[in-house]
Amino acid sequence: MTAVPARGDWRDTLREATDLALLGFAVALAALPVLTLAPALATASAALHDRSVTGSWPDARTSLARFGRALPAGLAVSAVALAAVALLTADLVALATGRVPGGGPALALTAVVVAVLLGYAGLVTVAVGRSGGRGWRSAARKVARTCPQRPGVWAAASGICALAVLLGVLVTPVAVPILGGYALAALHALDARRPVPAPDPT
């Protein structure tokens, strides 16, 4: 008879939820200088990857070392990402207020483009986490190749990020970091559902 693995009780669920909330607050704290957002996300993503592989979180020394190594490239990534966010936000506001022609269709199309880009950025962050919090350029190229091959995963990642942004606008600001931790964990769980390659018949 096949043994059935024991299910975690409510305390395990509560512990996991608390850990993800603390992870979100750690990211928010590390990202306070703004340009350290990408290194903070890379470090958190690497911690989540370790958690999924080993079953435990990395120690503080490991995470601090990863954060330090992620700073040089991460600062540039943060600057580019924040500039893109500012431009897209200005575009959305201009369309929503009628200062730019296009109306509802143009606003909806721009919102879809933003969601798609968010999904791509989320999957890149997951890929960086799988590399120990480094390699933004190689992760961006890899995800750009795999997204068209896995459109369902890309669409789901876009939905996760868009929902997190929407809830972040609606909830109290203190809950935004919690949403960030949950969203990053959801992206890791989504990306982990990779198709198992068929065995070689030869």
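What you see is a predicted model, and the numbers here were worked out from it, not measured in a lab.

Peer 1: Honestly, the packing of helix H2 (residues 37-54) against helix H3 (residues 60-96) in this entry has me stumped. Any pointers?
Peer 2: Packed helix pairs are characterised by how far apart their axes lie and by the angle those axes make with each other. Packing of H2 against H3 leaves a shortest axis separation of 6 Å and a crossing angle of 135°. Overall, the two elements H2 and H3 adopt an arrangement that is oblique. Crossing geometry of H2 relative to H3 is assigned as right-handed. Contacts between H2 and H3 pair Leu-37, Ala-38, Pro-39, Ala-40, Ala-42, Thr-43, Ala-46, Ala-47 and Asp-50 from the former with Ser-63, Arg-66, Phe-67, Ala-70, Leu-71, Gly-74, Leu-75, Val-77 and Ser-78 from the latter.

Peer 1: Explain helix H4 (residues 103-130) to me, please; I cannot follow it from the model alone.
Peer 2: Side chains of residues three or four places apart in an α-helix project in the same direction, reflecting 3.6 residues per turn. Compared with an ideal rise of 1.5 Å per residue, which puts 28 residues at 40 Å, H4 spans 41 Å between its outermost C-alpha atoms and is within 8% of the ideal. What H4 keeps buried is the set Thr-110, Val-114, Ala-115, Gly-119, Gly-122, Leu-123, Val-124, Thr-125, Val-126, Ala-127, Val-128 and Gly-129. Next to the buried residues of H4 lie H2, H3, helix H5 (136-146), helix H6 (151-170) and helix H7 (176-192). Positive backbone phi, approximately 80°, marks Gly-132, located one or two places after H4.

Peer 1: Would you mind showing me how to read a positive patch on the surface here?
Peer 2: Taken together, Arg-137, Arg-141, Lys-142 and Arg-145 make up a surface patch of like positive charges. Checked against the element boundaries, Arg-137 lands in helix H5. When its relative accessible area of 67% is taken as the criterion, Arg-137 is described as exposed.

Peer 1: So what exactly am I meant to see when it comes to unusual backbone geometry here?
Peer 2: Across residues other than glycine, the phi torsion is negative in most instances, and most of the peptide bonds are trans. Here the phi dihedral of Val-34 falls at roughly 75°; this positive angle occurs in a residue that is not glycine. Mapped onto the fold, Val-34 is located in the loop between helix H1 (10-30) and H2. Val-34 sits in the partly exposed class, given a relative accessible area of 45%.

Cut-off values and rules
- Residues numbered from 1 in each chain as written.
- Predicted model: local features only at pLDDT ≥ 70, side-chain atom pairs only at ≥ 80, totals over all residues.
- Heavy atoms only, no water.
- Axes fitted to C-alpha atoms, helices over the stretch in contact; angles between N-to-C directions.
- Helix = DSSP H or I, 4+ residues; strand = E, 2+ residues; numbered from the N terminus.
- Parallel < 35°, antiparallel > 145°, perpendicular 65-115°, else oblique.
- Left-handed = near helix turned anticlockwise from the far one by under 90°.
- Contact = heavy atoms within 4.5 Å.
- Expected span 1.5 Å × (residues − 1).
- Buried < 20%, exposed > 50% of the residue type's maximum accessible area, 1.4 Å probe, protein only.
- Patch = residues over 30% accessible without salt bridge, like charges linked within 9 Å, V, L, I, M, F, W, Y side chains within 5 Å.
- Areas by Shrake-Rupley, 256 points an atom, 1.4 Å probe, with all protein chains shown as cover.
- Salt bridge = Lys/Arg side-chain N within 4 Å of Asp/Glu carboxyl O.
- Lys, Arg positive; Asp, Glu negative; His and termini not counted.
- Charge placed at Lys NZ, Arg CZ, Asp CG, Glu CD.

So, to be careful, I would describe these as geometric facts and stop short of saying anything about function.
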